[in-house]
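Residue strings, one per chain:
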Amino acid sequence: MIPFSSRTKGYKTGVFLLFFAAILFVVGFGAPYWLTLDLFGVKTHEGLWQACLDITSTTCVTVGTKELSGWFHAVRGFEVLCIIGLTSACIYALITNFCLSFPGPRSRDLEITAGVSGILGFIGCMVFVGKYDTLNKDYDWAFYFATVGSDLVVIAAIVIGVNNKPMPNRGLMVTTTATAQPQPYTVQPGNYPPQSYVAQPGNYPPPRSVDQPGNYPPPHSVDQPGNYPPPHSVDQPGNYPPPHSVDQPSNYPPPHSVDQP
């Protein structure tokens, strides 16, 4: 995970707000001060788990389960699920932000767990408000702690989710650039000698072609004059003696004949 020191200020604020809201909710969850009744000088106060009577001293008894209504069990269930989710979210935040220092991909597990937990706690508080008979009773500080704590948990989850991104580490970027692998050579202007291409002039001789003049002699052809002697032909005069023919005089003696003396 990403080190906590590399997080943004908004993310750090969300994490600290999550811890504060969790403590607030846990205190309200366990305290027997959700409702208070003052009747003829006798004060009673009760919560989700205990009911207390203040006369000369405070005496508390555990609220049973058989005499409770189904909606009250539902309120307890929502609050217990909220406590479990908050505990998991706080442990996860401690491990990933303060105990692990190696970099890695960011995760949405923290804000999702915290957000769902806060919503469950708030639903439990609203069910308690809608179902409990508050005649001659007032909501006490523990109920407000639980309600405000669940709301702050949801707000903290939103803040963490928005700011869940690492801050740029310039030192790490410089080190990465210095140790980066060399890039492959590409044809770009610079201090490197240009590569040889047929279509671009350079210090290299162009390829030989009969269509372009150059320093190379042209190929031999009978249609173009050159320094090479033309092929021998009977239709063109040359330095070679013509072939012997009986129709043309020559320096050779005629053939012997019996009809001539």
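Source: prediction; values computed, not measured.

For the rest of this paragraph, the subject is the state of the cysteines. By the definition in use, this model includes one disulfide. There is a disulfide in this structure between Cys52 and Cys60, and the S-S distance comes to 1.9 Å. Between Cys52 and Cys60 the disulfide shows an S-S torsion of about 105°. By sign, it is right-handed. According to the relative accessible area criterion, Cys52 is buried, its value standing at 4%. Classification of Cys60 as partly exposed rests on a relative accessible area of 37%. Note on Cys82: no disulfide assigned, nearest cysteine sulfur contributed by Cys125 at a separation of 8.0 Å.

Below, the discussion takes up a nonpolar patch on the surface. Among the surface-exposed residues, Ile23, Val27, Trp141, Tyr144 and Phe145 lie close enough to one another that they form a single nonpolar patch of about 460 Å² accessible area. Here the nonpolar patch takes three residues from helix H4 (residues 141–162), the largest share from any one element. As for its position among the elements, Tyr144 is in helix H4. Exposure remark for Tyr144: the relative accessible area of 43% places this residue in the partly exposed category.

In the contact formed by helix H1 (residues 9–30) and H4, the axes pass within 7 Å of each other and the chain directions differ by 160°. Taken together, the axes of H1 and H4 are roughly antiparallel relative to one another. For the pair H1 and H4, the sense of crossing is left-handed. Its residues assigned to classes, the contact of H1 with H4 comprises 21 nonpolar, five polar and no charged.

Cut-offs and rules
The residue numbers shown here count from 1 along each chain, following its written sequence. Whole-chain, interface and lining totals are the exception, using all residues; otherwise, since this is a predicted model, local features are given only for residues with pLDDT of at least 70 and side-chain atom pairs are given and counted only at 80 or more. Heavy atoms throughout the structure, all of them, feed into the side-chain values; hydrogens and water do not. Cysteine sulfur atoms are paired as a disulfide whenever they come within 2.5 Å of each other. Here's how the labels work: a residue is buried when its accessible area is under 20% of the maximum for its type, exposed when over 50%, partly exposed in between, all with a 1.4 Å probe on protein chains only. Every patch collects residues that have over 30% relative accessible area and no salt bridge, joining them within 9 Å if they carry like charges and within 5 Å if they are nonpolar side chains (Val, Leu, Ile, Met, Phe, Trp, Tyr). Residue-level accessible areas treat just the shown protein chains as cover; the underlying method is Shrake-Rupley with a 1.4 Å probe. When a carboxyl oxygen of Asp or Glu is within 4 Å of a side-chain nitrogen of Lys or Arg, the pair counts as a salt bridge. Helix and strand definitions follow DSSP, with helices as H or I runs of at least four residues and strands as E runs of at least two, each counted in order from the N terminus. Lines fitted to the C-alpha atoms define the axes, with helices restricted to the stretch that makes contact. Angles between their N-to-C directions range from 0 to 180 degrees. When an angle is under 35 degrees it counts as roughly parallel; over 145 it counts as roughly antiparallel; between 65 and 115 it counts as roughly perpendicular; any other value is oblique. We call a crossing left-handed when the near helix sits turned anticlockwise from the far one by less than a right angle, and right-handed when that turn is clockwise. Amino acids are sorted into nonpolar (Ala, Val, Leu, Ile, Met, Phe, Trp, Tyr, Cys and Pro), charged (Asp, Glu, Lys and Arg) and polar (every other residue, Gly among them).

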